[in-house]
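Secondary and tertiary structure notes
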Amino acid sequence: MRLVLVGPPGAGKGTQAVFLAAHYSIPHISTGDIFRANIKNETELGKLAKSYTDAGNLVPDSVTNEMVRDRLTWDDAQNGFLLDGFPRNVAQAEYLRAILAEKSTPLDAALEFSLENSEIIRRLTGRRTCRGCGSSFHIEFEKPAVDTICDKCGGELYQRPDDSEEVIANRLSVYADQTAPIISFYRNEGLLITIPALGEVSEISTRAIAALSAAVN
Ligand code: AMP
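Along each chain, the written sequence defines residue order, and numbers are assigned to residues from 1. Given that the model is predicted, a residue must reach a pLDDT of at least 70 before its local features are reported, and side-chain atom pairs must reach 80 or more before they are shown or counted; all residues, however, enter totals for whole chains, interfaces and linings. Processing note: side-chain calculations cover all non-hydrogen atoms of the structure and skip hydrogens and water entirely.

Re the site of the ligand
- Taken together, 17 residues are adjacent to the ligand, and Thr-31, Arg-36, Asn-57, Gly-85 and Gln-92 come closest.
- Pairing of N or O atoms within 3.5 Å defines a polar contact, subject to two protein rules: one partner must be a possible hydrogen donor and the other a possible acceptor, and residues neighboring in sequence count only if both atoms are side-chain atoms. Interatomic distance of 2.8 Å between a side-chain N/O atom of Thr-31 and a nitrogen atom of the ligand.
- Contact distances for the ligand include 2.9 Å between a nitrogen atom and a side-chain N or O atom of Gln-92.
- Residue-level accessible areas treat just the shown protein chains as cover; the underlying method is Shrake-Rupley with a 1.4 Å probe. Considered on its own, the ligand offers 490 Å² of accessible surface; in the complex 95% of this is hidden by protein.
- Put simply, DSSP H or I for four residues or longer makes a helix, DSSP E for two residues or longer makes a strand, and each gets a number counted from the N terminus. Listing elements by their share of the shell around the ligand, those giving two or more residues are α2 (31-40) and α3 (44-55).
- Looking at which element gives the most residues to the shell around the ligand, the answer is α2, with four residues. We call a residue near a given molecule or strand whenever any one of its heavy atoms falls within 4 Å of it.

The following block contains the structure:
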């Protein structure tokens, strides 16, 4: 299965990506996670990406495309992959199509999670992320057992700087202006599958698997 997830920030792509990657035994490749790991480790890539991610703007395509191209050459991605957070604009979608065409391994599907803005804001402002393993929690809907501690790895939970209200507003406008056009791109390619992203995490997982099974052989 070669899959990309599409949808606004806060639609639950990251949460569903973990489940879907395990279900299909494919790597979960999150460009946001890769940038955050590089920022934490203060690599050159991290230093370059930080000002963009902090403001909720897109890291330049030249950097992001190259990073994804390299990641897709790893052994674990040779029998499929799930991309979460990439592509984020039509130029990236075209780039991905081109590098996959070189290997004659086109995408199987683009799974879109649709959600209203009011719900997105509610989810993002309450989101807490683990510094250790990157898992997400929510202060109302998915509370950790202890407020500031990750249930999965014991790491510290924090609010991502880009989950503050003013940065969220910018991320939503970046999504509408730059990312939403990839929905038409994938519809035209015959690859788009859309599911509503409202409901319990497990319900959405079931919906995603059902939609993918119906659409992909
Ligand atoms: P995410 O965790 O997917 O919300 O990504 C966090 C931030 O990383 C985004 O707001 C961007 O600054 C950067 N980022 C992630 N994926 C991309 C991408 N495909 N292109 C450009 N910037 C990205």
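Thoughts on the pattern of salt bridges
- The salt bridge criterion pairs a side-chain nitrogen of Lys or Arg with a carboxyl oxygen of Asp or Glu, the two atoms within 4 Å. Throughout the structure, instances matching the rule amount to 14 salt bridges.
- Among the ionic pairs, Arg-127 bridges to Asp-163, the shortest N-O distance being 2.9 Å. Residue Arg-127 is located in strand β5 (residues 127-130), and its partner Asp-163 is located in the loop between β7 (157-158) and α7 (165-179); the two are separated by 36 residues in the primary sequence.
- Note on classification: 1.4 Å probe, protein chains only; a residue is buried when its accessible area is under 20% of the maximum for its type, exposed when over 50%, partly exposed between these limits. Residue class for Arg-127 comes out buried when judged on its relative accessible area of 14%.
- For Asp-163, a relative accessible area of 0% puts it in the buried group.
- By sharing partners, the salt bridges in this structure join Arg-127, Arg-160, Asp-162, Asp-163 and Arg-171 into a single network.

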